[in-house]
Amino acid sequence: MRTTLDSGLPPLILERGHGMRPAAPKRHWLGRLLRGLRAGDARLVVNHPLVKDAPASLCLSSPAFAEGAAIPRHHAGGGVGENLSPTLTWTGVPAGTAALALVMQDPDAPLPRPVTHLLATAIAPKRKGFEEGELCPQVGNGVILGRGLFGRVGYAGPRPVRGHGPHRYVFQLLALEHPLALPDLPSLADLLAALTPQTVLAWGTLTGTYERV
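On a predicted model such as this, the values are computed, not experimentally measured, just so you know.

K.L.:
I keep staring at the nonpolar core and nothing clicks. Help me out?
P.N.:
Proteins that are soluble and globular tend to have nonpolar side chains buried together. Counting 26 residues, the largest nonpolar core has Leu60, Leu102, Ile123, Leu135 and Phe171 as its most contacted members. Those elements that provide at least two residues to this core are strand 5 (88-91), strand 6 (99-106), strand 7 (115-123), strand 10 (167-176) and strand 11 (200-210). With four residues, the top contributor of residues to this core is strand 10. Residue contacts for Phe171: discarding those within four places in its chain leaves Leu60, Phe65, Pro86, Leu88, Val103, Met104, Tyr155, Gly204, Thr205 and Leu206. Counting residues in hydrophobic clusters, the runner-up holds 18 residues, among them Val46, Ala54, Leu191 and Val200.

Written out as structure tokens, the structure is:
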């Protein structure tokens with residue numbers, strides 16, 4: 001007889017005369033089916049024609065995870081983690097920077113283009129980073145948060161399709177020559193449309209990974 005306990009623990013199989021043993025992991029057929037489908041890196045912000053030729057001289061880091069390492073679960077999206085944005089720090093902001101912009105994208109989503117998980121603009125050039133959980137609409141810090149995944153405002157943590165394999169989450173920091181003229185609750189398309197060949201002075205990235213098996 002087979003029974004499933006909805007407790008967050010693995011399903012159990014009850015076998016006559018053998019007691020209970022963990023069941024084999026449930027196959028997440030949709031994620032497995034879509035494994036070969038990835039948005040790709042071409043549409044990451046730092047690969048945009050008006051960004052990529054600027055020097056990659058900003059050093060973006062986090063005490064929560066190293067470059068290329070797994071993002072801790074409590075930074076994952078709602079229903080998976082606590083949806084807390086990680087602590088971020090940076091150095092190398094060039095002279096003449098009037099504002100900074102920060103974007104987080106998932107280029108491994110099984111969609112035509114990377115999913116935007118965070119858009120923050122009007123970041124003061126003197127700022128050196130963000131504390132954990134600071135990139136949410138409830139925190140009044142003078143930063144303008146835009147619309148990302150499904151119109152959500154502020155940080156939306158990793159929540160990839162189960163079984164799809166590891167996803168990369170690329171934080172991209174831009175140093176801007178002048179503040180961008182953007183509408184209320186701007187989208188990534190609004191940000192890119194506001195760029196000119198002289199807007200971006202420098203950029204830097206930090207990539208973390210997350211997987212749901």
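K.L.:
Just to check I follow, could you spell out the packing of aromatic side chains for this structure?
P.N.:
The description of an aromatic ring pair uses the distance of the two centres, along with the angle that the planes make with each other. A complete count under the given rule lists two aromatic pairs for this structure. Relative to Phe171, the ring of Phe65 lies with its centre 6.2 Å away and its plane at 35°, an arrangement referred to as tilted. With Phe65 in the loop between strand 4 (59-61) and strand 5 and Phe171 in strand 10, the pair connects residues that are 106 residues apart, well separated along the chain. Measuring from centroid to centroid gives 5.6 Å for Trp90 and Phe130, while their planes differ by 65°, and the two rings are edge-to-face. Of this pair, Trp90 sits in strand 5 while Phe130 is found in strand 8 (residues 129-130), placing the two residues 40 residues apart along the sequence.

K.L.:
Would you take a moment to explain the pattern of salt bridges for this structure?
P.N.:
When charged atoms on two side chains of opposite charge get close, those side chains can pair. For the coordinates displayed, the defined rule picks out four salt bridges. Its salt-bridge partner being Arg168, residue Asp41 comes within 2.8 Å of it at the nearest N-O pair. In this pair, Asp41 is assigned in the loop between helix 1 (29-33) and strand 4 and Arg168 in strand 10, connecting sequence segments 127 residues apart. Arg168 gets classed as partly exposed once you look at its relative accessible area, which sits at 29%. With a shortest N-O distance of 4.0 Å, Asp190 and Arg147 are connected by a salt bridge. Of this pair, Asp190 sits in helix 2 (residues 188-193) while Arg147 sits in the loop between strand 9 (144-145) and strand 10, placing them 43 residues apart in sequence. Of the residues examined, Arg147 reaches a relative accessible area of 33% and is grouped as partly exposed.

Rules of the game
- Residues numbered from 1 in each chain as written.
- Predicted model: local features only at pLDDT ≥ 70, side-chain atom pairs only at ≥ 80, totals over all residues.
- Heavy atoms only, no water.
- Core = buried A, V, L, I, M, F, W, Y, C linked by side-chain atoms within 4.5 Å.
- Buried < 20%, exposed > 50% of the residue type's maximum accessible area, 1.4 Å probe, protein only.
- Helix = DSSP H or I, 4+ residues; strand = E, 2+ residues; numbered from the N terminus.
- Contact = heavy atoms within 4.5 Å.
- Phe/Tyr/Trp six-rings, centres within 6.5 Å; stacked < 30°, edge-to-face > 60°.
- Salt bridge = Lys/Arg side-chain N within 4 Å of Asp/Glu carboxyl O.

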